[in-house]
There are 2 protein chains.
Amino acid sequence: MNKQKLIVIGAVAAGTKAASKAKRENPDLDVKIFTKEEHISYAGCGLPYYIGGIIKEKNELVVRTPEIFKKEQDIDIFIKHEVTKVDVNSKKVFVTNLDTQEQLSYEYDKLVLAMGASPIKPPLENISLKNIFTLRSVTDAFEIRDLVDAGKVQKAVVVGGGFIGLEVAENLKHRGVEVTLIELAPHVLPPFDEEIALLAQAHMKDKGVNIITSEKVLGFEGNGEFVSKVKSTAGDFEADIVVLSIGVRPNVKIAAEAGIELGTTGAIKVDKYMQTNVGDVFAVGDCAENVNLVTNLPAWYPMGSTSNKTGRIAGNNVVNTEHMDSLEGVLGTTIVKLFDMNAAKTGLSERDARKAGMNIETILVPATDKAHYYPGNKPIITKLIVERSTHKILGAEIIGSGIVDKPIDIIATAMTLNARVEDLTKLDLAYAPPFSMAMSSTIMAANVMLNKLNSKIDTITSRDLQEKLKDSQVNIVDVREEEECFISAIPGTLNIPLNTLSERSGEIDKSKETVILVCKVGKRAFLAYLKLKQQGFENIKVLEGGINAYPYNVE
Amino acid sequence: MNKQKLIVIGAVAAGTKAASKAKRENPDLDVKIFTKEEHISYAGCGLPYYIGGIIKEKNELVVRTPEIFKKEQDIDIFIKHEVTKVDVNSKKVFVTNLDTQEQLSYEYDKLVLAMGASPIKPPLENISLKNIFTLRSVTDAFEIRDLVDAGKVQKAVVVGGGFIGLEVAENLKHRGVEVTLIELAPHVLPPFDEEIALLAQAHMKDKGVNIITSEKVLGFEGNGEFVSKVKSTAGDFEADIVVLSIGVRPNVKIAAEAGIELGTTGAIKVDKYMQTNVGDVFAVGDCAENVNLVTNLPAWYPMGSTSNKTGRIAGNNVVNTEHMDSLEGVLGTTIVKLFDMNAAKTGLSERDARKAGMNIETILVPATDKAHYYPGNKPIITKLIVERSTHKILGAEIIGSGIVDKPIDIIATAMTLNARVEDLTKLDLAYAPPFSMAMSSTIMAANVMLNKLNSKIDTITSRDLQEKLKDSQVNIVDVREEEECFISAIPGTLNIPLNTLSERSGEIDKSKETVILVCKVGKRAFLAYLKLKQQGFENIKVLEGGINAYPYNVE
């Protein structure tokens, strides 16, 4: 009897995972992987850190070689072999050996598409100049690092302020390069809400990255064949190298040409078993579409974590057709380190949720990542987005110099299991001073959210306060001590320390519409809120997150 | 109209939390807290770190003072006021002012019991000698630190290898003290399973703590009024100070005398609203009983995290009688830092689960806490305990030099929301190289557990292998490279590197009952398992966790 044949197209995370899992499930399977690239199974998310020299050696980036796959698992990986066509009727793939140009074809019983995604390169003037890079493959990273190592890079322009762009900017800065980052949107980290993203942006600026937002790159100028200048709506910027990181698109050409259905996101449509619309053809990793667990709508999150999951599922399902594994969806959980600050997100942003017409409540709560008295504790800010009618958690964003991966993973876990805010407040999380506050940041944020949902407190976001500041119908009362206000306060603030508020509340101008209470993180402002309520004040709001989370001008 | 009166007994975490929350819910409430201690609202879990000088100043330990409570919240705290009696019929508490010996009584409308717990001091010979301490109050910590600061402590004996004992041992060691720790049980960290606890124990020994297990302290000898020697079944140990940390008991005397019901654990019985059996009397924090969420049985976990939660709930419920808050139970989640190692636990241990007669499956899976190629990544080992029939997660233990608080919190969150192992494998956790592996340690452990539950792999624990080694009916085959085995291997091992296994499997002695496959962490052993299966071998098992997690003798 002939062996069952599995062909996998693509050999980074999802492809190799699918192949390995399938081979483990059926050691008699004949498994072949084709990739047009030279490198396989590499750590795509590590590329910026190789440029920065944080990851020192090339071989650290490449997890496993074709030789290892052959020896340990009897999997055949063909590098520099491009699949040019898939025929789903004859169940064949057509392959070009890129070294010899030889044309080959192979039959499959099962096919896994894992072609990944490619960086967008817009048709800008002179975009084909040398030293204009994208960062997707190991080769890209090697070339950029070699230039930096050779001392050829004094100035760099990064186009795009998403995760990769910011990581590249940080890593180039580590290497002593002068970095300008140009972002089309009003702030970096476009998937995040403004008040969170602005905190990250301010930190990047503090660290010396020249960040320019709401501006557009128009084209490039060269010095001979090498780029020398970036032309933008904000003027020209000198550059020895340019790194374009304006996004990626799924590699779906051969799939589409084979009649395999694409989804609304442009990625390959799959069911929860990773099956395409064509029998025996699966799609996994960055070329496949996802479902957003919150909205239940198609979404596309090209993430290494999801690639590993979908690869493993397809690897199981090509073998165990009676016991298929499945993935209902993902939350689009993401995280990024930016110098000494971390930012993470899961589920919907406030902007996403409002755009979708959902009736939501949001809150922003500062805390520390460890016990406030344990050395090395650092601040983080948690933003929760909750559906008002059900109290279901729709999303969260966490930012700060402290630990954010733990709380975002707690919330992502809770969301996957359909938690309400109430559930978060009851979690029995691990507490000892080196690890957490006794009441963890997540529980604190959930408690404040419940106070807000139950109308025990009324708050205002920094964003809305910015709007209100345009007219003068607002009293800003800062209840911190005088010396704290002296360091920084919102312009136009009246300072009445909490301890004196009961006696001095008469100083608040009652002709103005609203009283905004401000303190460092929101705790004293909440106590002030209760005091003023008791005194009969009516239109009072606490500034969410206090001065610590206020990303706009202070004086 | 008279103000409603709330009396709280106890002013550490739970008591102050209950008072604050109640006052916020009803600013007109008259709130009095009585405590026989001098210090209030202090960080009990920080005490060992104050001794070690990690927490430098006394005032860092004390979160808030009575003056602050009065000024900010109009809460009256009476320090050095001992409540000697509660009369639930007349709704009165009887109080002794410990400074003046004045006898006072106060009426309450609602009463919250938050008396905490006290360290056990067994009636051993000469236990009242000076410099024999327990560590529960701020005063204990001050006294021990003062002695160390004064250079009076060269040798210390810690009695008890639970969390506090180990933390004290570490912190005294930091201060240059020679530390001997004596534990009655066969290993330190008694709540953990043996193979996990032994890893912690070995680390403590590596760091120079003299750990003695399965031995009993018999009494003390003095040099004048000061302790000088600890007498034990393992011999005598010189000691300038002794720290007893053999456990705590709930402070329930005045409750029991008032006719308030105690639970089977000896702590005060409460319902999920923190109500005792007596109307208008609540109990919170360490003096109150908990429910274990896994078993649904009464349990007692005197933890700061739970104290904060129960305090807050009672604080709400004394005011909002129509909208009571509740806590269904806890998981007993705990965590400890031991020098460069961290250990955490949630839910049931394997031992707990087996003792309860549950049909379980367990697995031990090593991983790294960050991407394996990102600098600073460190190993952790995850043990999962799962109910075989339902795949429900019953418990987890995680240990290693890497980050353990994040994964234990993910698992605790999942368990609270009734997750099955399958759910863990699908979690969309935050991934970037500085924070996690692409497939996080938790997902990996859950995947291996599913393999085991689905009979795709058969494994053996290090504990069971230890048993088997007593006879010779076992082939241990280590599939690592020769140079790896050279560094350390289990005695009697045959080394056949994975890549040569197909050719060399004939070397395995088939007359012996079982083949145990060993590698560094278990991955190569799994591939070897599949190869041998294919070759017709039958009784094969993979050593869980590999050599990395093997806590017994190697050569």
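Residues numbered from 1 in each chain as written. Chains lettered and ligands numbered in written order. Predicted model: local features only at pLDDT ≥ 70, side-chain atom pairs only at ≥ 80, totals over all residues. Heavy atoms only, no water.

Novice: Mind showing me how you'd approach the pattern of salt bridges here?
Specialist: Should the charged atoms of two oppositely charged side chains come close, the side chains can pair. Summed over the entire model, instances satisfying the criterion amount to 78 salt bridges over all chains. Put simply, Glu350 of chain B and Arg463 of chain B hold a salt bridge, and the shortest N to O gap is 3.0 Å. Of this pair, Glu350 of chain B sits in helix H10 (residues 350–355) while Arg463 of chain B sits in helix H14 (residues 462–468), and the two are 113 residues apart along the sequence. Accessibility expressed as a relative area gives 4% for Glu350 of chain B, which makes it buried. Ionic contacts of the salt-bridge type, sharing partners, join the residues Asp193, Glu195, Glu350, Arg354, Lys383 and Arg463 of chain A into one network. (Salt bridge = Lys/Arg side-chain N within 4 Å of Asp/Glu carboxyl O. Helix = DSSP H or I, 4+ residues; strand = E, 2+ residues; numbered from the N terminus. Buried < 20%, exposed > 50% of the residue type's maximum accessible area, 1.4 Å probe, protein only.)

Novice: I would appreciate a short explanation of the relation of the copies chain B and chain A in the present structure.
Specialist: The pair of chain copies shares a relation made of a rotation about an axis and a shift along it. Mapping chain B onto chain A calls for a screw motion: a turn of 180° about the axis and a shift of 0.0 Å along it, with 0.0 Å RMSD after fitting. What we have between these two chains is a two-fold relation. The overlap is high: 100% of the interface residues of chain B also sit at the interface in chain A, so the same surface is used on both sides. (Least-squares fit on C-alpha atoms with pLDDT ≥ 70 in both. Contact = heavy atoms within 4.5 Å.)

Novice: What is the right way to look at the interface of chain B and chain A in this model?
Specialist: Interfaces are frequently sized by the accessible area removed from exposure as the parts join. Between chain B and chain A, the residue contacts involve 79 residues of the former and 79 residues of the latter. Interface area for chain B against chain A, summed over the two sides, is near 6900 Å², with a carbon-plus-sulfur share of 62%. Seen at the junction of chain B and chain A, the total is eight salt bridges. Notably, a salt bridge pairs Asp325 of chain A with Lys426 of chain B, separated by 3.0 Å at the nearest N-O pair. Where chain B meets chain A, there are 28 residue pairs in polar contact (both at pLDDT 80 or more). Looking at the side of chain B that touches chain A, the elements that each hand over two or more residues are helix H1 (13–25), helix H4 (66–73), helix H9 (304–317), strand S21 (334–338), helix H11 (405–416), helix H12 (421–425), helix H13 (441–453) and helix H17 (523–534) of chain B. (Buried area = accessible area lost by both parts, 1.4 Å probe. Polar contact = N/O pair within 3.5 Å; in protein donor to acceptor, adjacent residues only side chain to side chain.)

Novice: Whenever I open this one, the sheet that holds strand S16 (residues 241–244) of chain B confuses me. Can you help?
Specialist: Hydrogen bonds between backbone groups are what pair the strands of a sheet, and the pairing can be parallel or antiparallel. All names here are of chain B. Ordered by their spatial adjacency, five strands build an open sheet running S9-S16-S10-S11-S12, and the pairing between neighbours is parallel. The strands lining the two open edges of the sheet, one partner per strand, are strand S9 (132–134) and strand S12 (210–212). The average angle at which neighbouring strand axes cross in this sheet is 20°, direction not considered. Sheet analysis places S9 next to S16, joined by three bridges and oriented parallel. Paired with Thr134 across the bridge in S16 is Leu244. Against the sheet, helix H5 (residues 138–149) engages S9 and S16, with an angle of about 140° to S9. In the packing of helix H6 (residues 163–174) onto the sheet, contacts are made with strand S10 (155–159), strand S11 (178–182) and S16, and the angle to S11 comes to roughly 165°. (Pairing = 2+ DSSP bridges. Axes fitted to C-alpha atoms, helices over the stretch in contact; angles between N-to-C directions.)

Novice: Looking at this structure, I do not really get the domain arrangement of chain A. What am I missing?
Specialist: Taken as a whole, chain A is organised into domain 1 (5–45 + 53–116 + 249–319), domain 2 (132–246), domain 3 (340–453) and domain 4 (459–549). Computed from C-alpha atoms alone, the centre-to-centre distance between domain 2 of chain A and domain 4 of chain A is 39 Å. (Domains from an automatic or database assignment.)

Novice: I tried to follow the packing of aromatic side chains on my own but got confused; where do I start?
Specialist: Tallied over the full model, the rule gives 16 aromatic pairs over all chains. Measuring from ring centre to ring centre gives 6.4 Å for Phe526 of chain A and Tyr529 of chain A, while their planes differ by 40°; the resulting arrangement is tilted. Taken as a pair, Phe526 of chain A and Tyr529 of chain A lie in helix H17 (residues 523–534) at a separation of three residues, close to a single helical turn. Judged by relative accessible area, which is 13%, Phe526 of chain A ranks as buried. The structure contains a cluster of three or more aromatic residues connected by ring pairs, namely Phe34, Phe78 and Tyr106 of chain A. The ring of Phe142 of chain B carries the charged tip of Lys58 of chain B above its face, separated from the ring centre by 4.4 Å. In this structure, Lys85 of chain B packs its charged tip against the face of Phe94 of chain B, placed 5.3 Å from the ring centre. (Phe/Tyr/Trp six-rings, centres within 6.5 Å; stacked < 30°, edge-to-face > 60°. Lys NZ or Arg CZ within 6 Å of the ring centre and 35° of its normal.)

Novice: Hey, could you run me through the environment of Pro298 of chain A in this one?
Specialist: All names here are of chain A. Looking at the element boundaries, Pro298 is found in strand S20 (residues 298–299). Residues Pro298 and Gly263 lie 35 residues apart in sequence; the distance between their C-alpha atoms is 7.5 Å. Setting aside its immediate chain neighbours within four residues, Pro298 contacts Thr264, Thr265, Glu289, Asn290 and Val291.

Novice: What's the story with unusual backbone geometry in this structure? I'm lost.
Specialist: What is expected of a backbone is that most residues other than glycine have negative phi and most peptide bonds are trans. Unusually for a residue other than glycine, Asn126 of chain A sits at a positive phi of about 65°. Looking at the element boundaries, Asn126 of chain A is found in the loop between strand S8 (117–119) and strand S9 (132–134). Note on Asn126 of chain A: relative accessible area 36%, which makes it partly exposed. The phi dihedral of Lys91 of chain B is positive, around 55°, even though this residue is not glycine. With respect to the helices and strands, Lys91 of chain B occurs in the loop between strand S4 (81–87) and strand S5 (92–97). On the accessibility criterion, Lys91 of chain B (24% relative accessible area) is partly exposed.

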